[in-house]
Amino acid sequence: MSAPTTTQGGPPVAAAEFDIGSTDDSLERMIRLFAEHGDIYRVYVPARKAYTYVVHHPDDVKRILVANHRNYTKGVGLDRVKILLGNGIMTSEGELWRRQRMMLQPLFHRRVVGGFAEAIATATDALLERWEELARRGEPVNLTEEMSELTLQIVLKATFGRDLERMSAELGGNPFEVVTKEQARNLQFAYKFRSLTRLVANLIARRRTAGEEHFDYVAMLMSARDKETGAPMSERELIDEIMTLVVAGHETTASGLNWTWYLLAQHPQVEAKLHAEIDSAPPALERAPSLAQLEQLPYLRQVIDEALRLYPPGWVLSRRTIGPDVLSGYAIPAGTNVLLPLYLLHRHPRYWSEPDQFRPERFAPEHEAERPRFAYMPFAAGPRHCIGETFALYEMLMHVQRVARRLRLVHVPGPPLELEALINLRTRHPVIMRLERR
Ligand code: HEM
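S.K.: Which residues make up the sheet that holds strand β5 (residues 316-321), and what values go with them?
M.R.: By way of backbone hydrogen bonds, the strands of a sheet pair with one another, either parallel or antiparallel. With respect to topology, five strands assemble into an open sheet ordered β1-β2-β8-β5-β3, the strand pairing being mixed. Taken across any chain shown, the strands that pair with only one partner, and hence form the sheet edges, are β1 (40-45) and β3 (72-74). With strand direction ignored, the average angle separating the axes of adjacent strands in the sheet is 30°. Pairing of β3 with β5, which is carried by three bridges, proceeds in the antiparallel orientation. Paired with T73 across the bridge in β5 is R320. Each of β2 (50-55), β3, β5 and β8 (337-341) touches helix α2 (residues 58-67); the most contacted strand, β8, lies at about 120° to it.

Given below as structure tokens:
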């Protein structure tokens, strides 16, 4: 591939030096720096004695994630994720990652994801039954906590299948609850989380001797084989992949649903239009609907796309150059950290009209051509894009469809809504909702 031509000098330098991407206030500062410098700038990071570059141009995004992706590894923040997830598919690189991706890819095909219909419907219906009772009693819910518990329940069921009940019965409760009960993502949490690996190791050992049939991710991972060598995953690899799916599969989806309900509650016209679509859906959608059936509700999908635009749970992608590259005409040295803030790309005024407004209609097919492909990517793009995208969308579509048919969620005003942009983009304080039967 021919290298783009370069401009002399480097991109604008931010006045303040700080560890961009790692500090709690990084998003706030990045919003200001983007307004000041535009598509590309750099920040001197004293701890690393180097510049971190920040890019917001769809052409640069495409180059980093797709056209020249072989020149990039993951960047800043990876160490923190590694403590939690070990060397699973989210954190590995090079040949190891390529092998893992090939072995995991079949687990996320539409057909396989469709097999989790009952797991998603059952978890949502249990929540709905509880919520209808709370609606009758006029009691509010902590939506943020509820979404975290729901998505955890779904991914655990998809991963462990009927062994989830067995583990919970043996241990007198769901051992994975620590994931939702503890909000901090510090070393202490990582220690508790990693201690769950013993349970997973026991489960693998039991499955190896019991020879029962299971339809779940543990079974699929255990029977996955490397295409080239025919080798199965080692116990360590299995554990890391299982822990990766539990974390990657729940926090992001929980955050997406938390924002979706919050935005719907703020926009009664959107909510009414969504209700009209859901209410006129064919009766086939009463039972656990398939993904294809849910796709017959285009506005529902647009609502979710728009929520993920305004509040992408993975709000910034982090990469590091292996060799030198050229971005927006500037030469970028080897070994440089580059940040791609999806939050800002999704609100770039050149590509989005009234970027801060919640307008699901912008995702209607007739508006598709109005923006470049690489201006919107809540699930990233290129070979390392989210492997769980179909799973996440199925779960979100089914949950919102089933709940919105029966209930309205009305926001109970609390402290002003603040963003917490750490690994995921969350609300700093929980969102509290009052439930109204429709
Ligand atoms: C709304 C929900 C979700 C969002 C917004 C989301 C977003 C993302 C993004 C942006 C990446 C790329 C990260 C990077 O390259 O730095 C990613 C990767 C990944 N996601 Fe998701 N995700 C979601 C749900 C899920 C679910 C449900 C699963 C699994 C059950 C999952 C599993 C993964 C895995 C394993 C990777 C790493 C893929 C690789 O490196 O090859 N995600 N996700």
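S.K.: I'd like to hear about the site of the ligand, residue by residue, with values.
M.R.: Neighbouring the ligand are 23 residues, the closest being W97, R101, R319, R384 and C386. One of the side-chain nitrogen or oxygen atoms of R101 is found 2.8 Å away from an oxygen atom of the ligand. Those elements that provide at least two residues to the shell around the ligand are α4 (94-104), α13 (235-266), β5 and α18 (389-406). For the shell around the ligand, the element with the most residues is α13, which contributes four residues.

S.K.: I'd like a rundown of the pattern of salt bridges, residues and numbers included.
M.R.: Counted according to the given criterion, the structure contains 36 salt bridges. Notably, a salt bridge pairs E133 with R136, separated by 3.3 Å at the nearest N-O pair. Of this pair, E133 and R136 both sit in helix α6 (residues 117-137), separated by three residues, roughly a single helical turn. Assessed through its relative accessible area of 31%, E133 is described here as partly exposed. Residue R136 is classed as exposed on the basis of its relative accessible area, which comes to 51%. A salt bridge links E361 to K273, with the shortest nitrogen-to-oxygen separation between them at 2.9 Å. Taken together, the residues span a long stretch of sequence, with E361 in the loop between α17 (342-345) and α18 and K273 in helix α14 (residues 268-279) at a distance of 88 residues.

S.K.: Now, about the coordination of the iron atom of the ligand: what can you tell me, with residues and values included?
M.R.: Exactly one donor from the protein chain reaches the iron atom of the ligand: C386 (SG), at 2.3 Å. Within the secondary structure layout, C386 lies in the loop between α17 and α18.

S.K.: So, the packing of aromatic side chains: which residues are in play, and what are the values?
M.R.: Summed over all chains, the structure comprises 12 aromatic pairs. Plain terms: the ring middles of F108 and Y217 are 5.1 Å apart, the flat faces sit at 35° to each other, and that makes the pair tilted. Taken as a pair, F108 in the loop between α4 and α5 (110-114) and Y217 in helix α12 (residues 217-223) lie far apart in primary sequence, 109 residues in all. Each member of the pair, F108 as well as Y217, carries the same accessibility label: buried. Pairwise contacts between aromatic rings join F108, F116, F215, Y217 and F391 into one cluster. The cationic tip of R42 hangs over the ring face of Y51; the distance from NZ or CZ to the ring centre is 4.4 Å.

Rules used in this analysis
- Residues numbered from 1 in each chain as written.
- Predicted model: local features only at pLDDT ≥ 70, side-chain atom pairs only at ≥ 80, totals over all residues.
- Heavy atoms only, no water.
- Pairing = 2+ DSSP bridges.
- Helix = DSSP H or I, 4+ residues; strand = E, 2+ residues; numbered from the N terminus.
- Axes fitted to C-alpha atoms, helices over the stretch in contact; angles between N-to-C directions.
- Contact = heavy atoms within 4.5 Å.
- Near = heavy atom within 4 Å.
- Polar contact = N/O pair within 3.5 Å; in protein donor to acceptor, adjacent residues only side chain to side chain.
- Salt bridge = Lys/Arg side-chain N within 4 Å of Asp/Glu carboxyl O.
- Buried < 20%, exposed > 50% of the residue type's maximum accessible area, 1.4 Å probe, protein only.
- Donors = N, O, S within 2.8 Å, 3.2 Å for Na, K, Ca; no water.
- Phe/Tyr/Trp six-rings, centres within 6.5 Å; stacked < 30°, edge-to-face > 60°.
- Lys NZ or Arg CZ within 6 Å of the ring centre and 35° of its normal.

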